Amino acid sequence: MNPVMNTKYIFITGGVASSLGKGIIASSLAKLLQARGLRVTIQKFDPYINIDPGTLNPYEHGECYVTEDGAETDLDLGHYERFLGVYTSKANNVTTGKIYHTVITKEREGAYLGKTVQIVPHITDEIKRRMLLLGRTGEYDVILTEIGGTVGDMESQPFIEAVRQLQWELPEEDCMSIHLTLIPYLSAARELKTKPTQHSVQTLQQSGVKPDVIVCRTEHPLSTELRRKIALFCNVKPGHVIQSIDAWSIYQVPLNMHEEHLDELAVRKLQIDNYSQPELTRWKVFLDRIRHPSREVNIVLVGKYVELQDAYKSIQEAFVHAGAAKDCHVNVQTLQSGQITPDNVASLLQGADGILVAPGFGERGLEGKVCAIRYAREKGIPFLGICLGMQMCVVEFARDVLGWPDAASAEVNPQAGHPVICLMEDQKATTIKGGTMRLGAYACRLEPGSLAASIYGSTEITERHRHRYEFNSEYLDAFQQAGLKATGRNPETGLVEVVELPDHPFFIGVQFHPEYKSTPERPHPLFQGLVQAALKKR
Ligand code: GLN
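Residues numbered from 1 in each chain as written. Predicted model: local features only at pLDDT ≥ 70, side-chain atom pairs only at ≥ 80, totals over all residues. Heavy atoms only, no water.

K.L.:
What am I meant to see in a nonpolar patch on the surface here?
P.N.:
A cluster of nonpolar side chains, contributed by Tyr100, Ile104, Ile119 and Val120, occupies part of the molecular surface with about 340 Å² of accessible area. Of all the secondary-structure elements, those providing two or more residues to the nonpolar patch are α4 (96-109) and α5 (119-136). By the secondary structure assignment, isoleucine 119 is in helix α5. Judged by relative accessible area, isoleucine 119 falls into the partly exposed class, the value being 43%. (Patch = residues over 30% accessible without salt bridge, like charges linked within 9 Å, V, L, I, M, F, W, Y side chains within 5 Å. Areas by Shrake-Rupley, 256 points an atom, 1.4 Å probe, with all protein chains shown as cover. Salt bridge = Lys/Arg side-chain N within 4 Å of Asp/Glu carboxyl O. Helix = DSSP H or I, 4+ residues; strand = E, 2+ residues; numbered from the N terminus. Buried < 20%, exposed > 50% of the residue type's maximum accessible area, 1.4 Å probe, protein only.)

K.L.:
I tried to follow the nonpolar core on my own but got confused; where do I start?
P.N.:
Here is a general trend for soluble globular proteins: nonpolar side chains tend to be buried in one another's company. Of all hydrophobic cores here, the largest spans 46 residues; its most connected members are Ile10, Leu33, Leu144, Ile178 and Leu262. Top contributing element to this core by residue count: helix α1 (residues 22-35), with eight residues. If we ignore the near neighbours within four places in the chain, the residues touching leucine 262 are Ile25, Leu29, Ile178, Val213, Val215, Ile242 and Met257. Formed by 43 residues, the second largest nonpolar core is a distinct cluster that contains Val302, Ile340, Val370 and Ala376. (Core = buried A, V, L, I, M, F, W, Y, C linked by side-chain atoms within 4.5 Å. Contact = heavy atoms within 4.5 Å.)

K.L.:
Sorry, what's going on with the sheet that holds strand β11 (residues 241-245) here?
P.N.:
Read from one edge to the other, the open sheet built from seven strands follows the order β5-β2-β6-β1-β7-β10-β11, with strand pairing classed as parallel. Edge positions in the open sheet fall to β5 (93-95) and β11, since each of these has one partner strand only. The average angle at which neighbouring strand axes cross in this sheet is 20 degrees, direction not considered. In terms of strand pairing, strand β2 (residues 40-46) meets β5 through three bridges, oriented parallel. Bridge pairing in β5 links phenylalanine 45 to valine 94. Contacts between α4 and the sheet are confined to β2 and β5, with β5 contributing the most and set at about 70 degrees to the helix. Against the sheet, helix α7 (residues 195-206) contacts β1 (8-14), β7 (175-182) and β10 (213-218), and its axis sits at roughly 145 degrees relative to β7. (Pairing = 2+ DSSP bridges. Axes fitted to C-alpha atoms, helices over the stretch in contact; angles between N-to-C directions.)

K.L.:
Help me understand the pattern of salt bridges in this model?
P.N.:
Side-chain pairs of opposite charge can arise whenever the charged atoms involved come near each other. Taken as a whole, this structure holds 33 salt bridges when the rule is applied. Here arginine 130 and glutamate 126 are joined by a salt bridge, their closest N and O atoms 2.9 Å apart. Taken as a pair, arginine 130 and glutamate 126 lie in helix α5 at a separation of four residues, close to a single helical turn. Here arginine 130 and glutamate 126 have matching classes, each one buried. A salt bridge links arginine 377 to glutamate 396; its shortest N-O distance comes to 2.7 Å. Of this pair, arginine 377 sits in helix α14 (residues 366-379) while glutamate 396 sits in helix α15 (residues 388-400); the two residues are 19 residues apart in sequence, bridging distant segments of the chain. Take glutamate 396: its relative accessible area is 0%, and that puts it in the buried class. By sharing partners, the salt bridges in this structure join Lys44, Asp46, Asp74, Asp76 and Glu146 into a single network.

K.L.:
Please explain the packing of helix α12 (residues 313-325) against helix α18 (residues 525-537) as it appears in this structure.
P.N.:
For any two helices packed against each other, the geometry comes down to the angle between their axes and how far apart the axes lie. In the contact formed by α12 and α18, the axes pass within 9 Å of each other and the chain directions differ by 65 degrees. Here α12 and α18 pass one another in a crossing that is right-handed. Contacts from Ile315, Ala318, Phe319, Ala322 and Ala325 in α12 reach Phe527, Gln528, Leu530 and Val531 in α18. Class assignment of the residues belonging to the contact of α12 with α18 gives a composition of eight nonpolar, one polar and no charged. (Left-handed = near helix turned anticlockwise from the far one by under 90°. Nonpolar A, V, L, I, M, F, W, Y, C, P; charged D, E, K, R; others polar.)

K.L.:
Help me out: how do you make sense of the layout of surface pockets in this one?
P.N.:
To find leftover empty space, a probe the size of one water molecule is rolled over the atoms. Within this model, the second largest pocket holds a volume of roughly 650 Å³. Of all the secondary structure elements, the ones that give two or more residues to the lining of the second largest pocket are α15 and β19 (460-467). (1 Å grid on protein atoms, 1.4 Å probe; cavity = no way out; pocket = protein on both sides within 12 Å on 5 of 7 lines; lining within 4 Å. Points joined across faces, edges and corners; volume = space filled by probe spheres on them.)

K.L.:
Can you walk me through the packing of α5 against helix α6 (residues 157-169) in this structure?
P.N.:
Two numbers describe how α5 lies on α6: the axes approach to 9 Å, and their chain directions differ by 70 degrees. Judged by the angle between their axes, α5 and α6 are roughly perpendicular. Crossing of α5 against α6: the hand is right-handed. Residues Ile119, Val120, Ile123, Thr124, Asp125, Ile127, Lys128, Met131 and Leu132 of α5 form the contact with α6, whose own contacting residues are Pro158, Phe159, Glu161, Ala162, Val163, Gln165, Leu166 and Glu169. (Parallel < 35°, antiparallel > 145°, perpendicular 65-115°, else oblique.)

K.L.:
I'm lost on the site of the ligand in this one. Help?
P.N.:
Taken together, Pro359, Gly360, Phe361, Cys387, Leu388, Gln391, Glu411, Arg466, His467, Arg468, Tyr469 and His513 make up the full set of residues adjacent to the ligand. In this structure, an oxygen atom belonging to the ligand sits 3.1 Å away from a side-chain N or O atom of glutamine 391. A distance of 2.7 Å separates a nitrogen atom of the ligand from a polar atom in the side chain of glutamate 411. Isolated, the ligand exposes 300 Å² of accessible area, and the fraction of that covered by the protein chains is 99%. With respect to the detected pockets, the ligand is housed in the second largest pocket. Of all the elements in the fold, those that place two or more residues in the shell around the ligand are α15 and β19. (Near = heavy atom within 4 Å. Polar contact = N/O pair within 3.5 Å; in protein donor to acceptor, adjacent residues only side chain to side chain. Sits in = over half its atoms within 2 Å of the grid points.)

K.L.:
Please explain the packing of aromatic side chains as it appears in this structure.
P.N.:
Each aromatic ring pair is described using two quantities: the centre-to-centre distance and the angle formed by the ring planes. One pass over the structure, following the stated rule, counts 15 aromatic pairs. Over the face of the ring belonging to tyrosine 442 we find arginine 438, whose NZ or CZ atom lies 4.4 Å from the ring centre. (Phe/Tyr/Trp six-rings, centres within 6.5 Å; stacked < 30°, edge-to-face > 60°. Lys NZ or Arg CZ within 6 Å of the ring centre and 35° of its normal.)

K.L.:
Explanation requested: the sheet that holds strand β20 (residues 469-471) in the structure shown.
P.N.:
Two strands in a sheet stick together by hydrogen bonds in their backbones, pointing the same way (parallel) or opposite ways (antiparallel). Reading across the sheet, the three strands line up as β16-β17-β20 and stay open at both edges, with mixed pairing between neighbours. Either end of the sheet is taken by a strand with one partner, and the two such strands are β16 (407-409) and β20. Within the sheet, the average angular offset between the axes of one strand and its neighbour, ignoring direction, is 30 degrees. Relative to β20, strand β17 (residues 418-423) is paired through three bridges, and the arrangement is antiparallel. Across the sheet, residue isoleucine 421 finds its bridge partner in β20, namely phenylalanine 471.

Here is the structure:
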């Protein structure tokens, strides 16, 4: 790697349709560049006006991903971390809301006295400042920037304009633009259609941004002839039209992109004197394992937002990683918690080798979660409860074992006779909703000899959090005496972070979110533990 090389910027825009997988393409290219020895990160610029997706319902936007430094971010940051094995931060996810908030705050402070504050230059300058921010740290050789939404959207325009200006300001060899589009297949005509792509690129070019490479999402291979046609109409070189064909796993996409020479086009365009081939041995081993598992196991994921695939993205991916580590395919069957009752719980969960109760907010489906937990506890089915899932296993135990039928979380019943889950002290005065939960990484000390400590192989861990309520320590002794042990505590505050049932084959509830830190190359111990226990039960 050339030590005096400038930071390189790759911008990824999308057109024709949303949900084409820009995040996966960005992650795949980043992975390939990283595998060539470059220091890489990815950031996402989202055109919506929310400051962050923390205040969005998962049905609107999928899972809210949380970084080490406590940013509530787009789920694509989860892909970035899983592909690269590198932590992202607050700086990696910027929204229109954040941009305007900064500019308007500066305006009130008088930073622009006498001036009319406008989209160009004030908003676009702030976008550009943030686009270049991570590059200025000197920690990265290449920064990939994914622009959310599709070109032509009203909200995207200032971001596209900022990309145009940077393409103009930065040296030619420091900047690259990739446009991702869809080539639909019309089955009646048995034809792949390029027109939507032509229009999308036209829209992009009308904004002054010239793509260097067009990545085409397609269900069928693109012929040389078709690629030439797209290249001609979209004003790029024929070799710069590449196909991204539907893959059997998102983790296969880096290899597909390498076959299509996407990483080579990038190092050429960016004049990176590093033509070594990407070193992907470990990645390929992982892929081979998920492709050819020798056994399988059934895990039921109990949650409130199961209708939407992306609502529990990190949990689903953590099972893929754990499955690979344990040489088995994990069938994750989702179950709507609102549907579970004491009468149907046995039939709904009969095929489960393991049960995971998901994080969440609010009252809907809570009693169903309690039913599922009781079933897991009584039938000795391996169980992992995450955040709300942990809180509900405390409620279930209080009601059934401690004999407190009025036990509840104060989140749904502030007047509960036994508020076994209560509002954290520092949350009591909080009235603002956005960004005010307990967020990000905190240390946790595990009880030596506990299941948790043996799973982690350590007693000192850190995990990421996103919650307002906590285990009510007033009742700690009662729980411990009755058999639900607090085996993980925050070393500073004493907050209970992990509970487990030593008499059960595998029953563990965690206040934090282990799923955010699982990657193919570092599968999370708790998910591995659950899968292992489920295999044993089977
Ligand atoms: N609603 C619960 C709380 O705020 C749990 C949050 C979660 O599951 N992420 O504490």
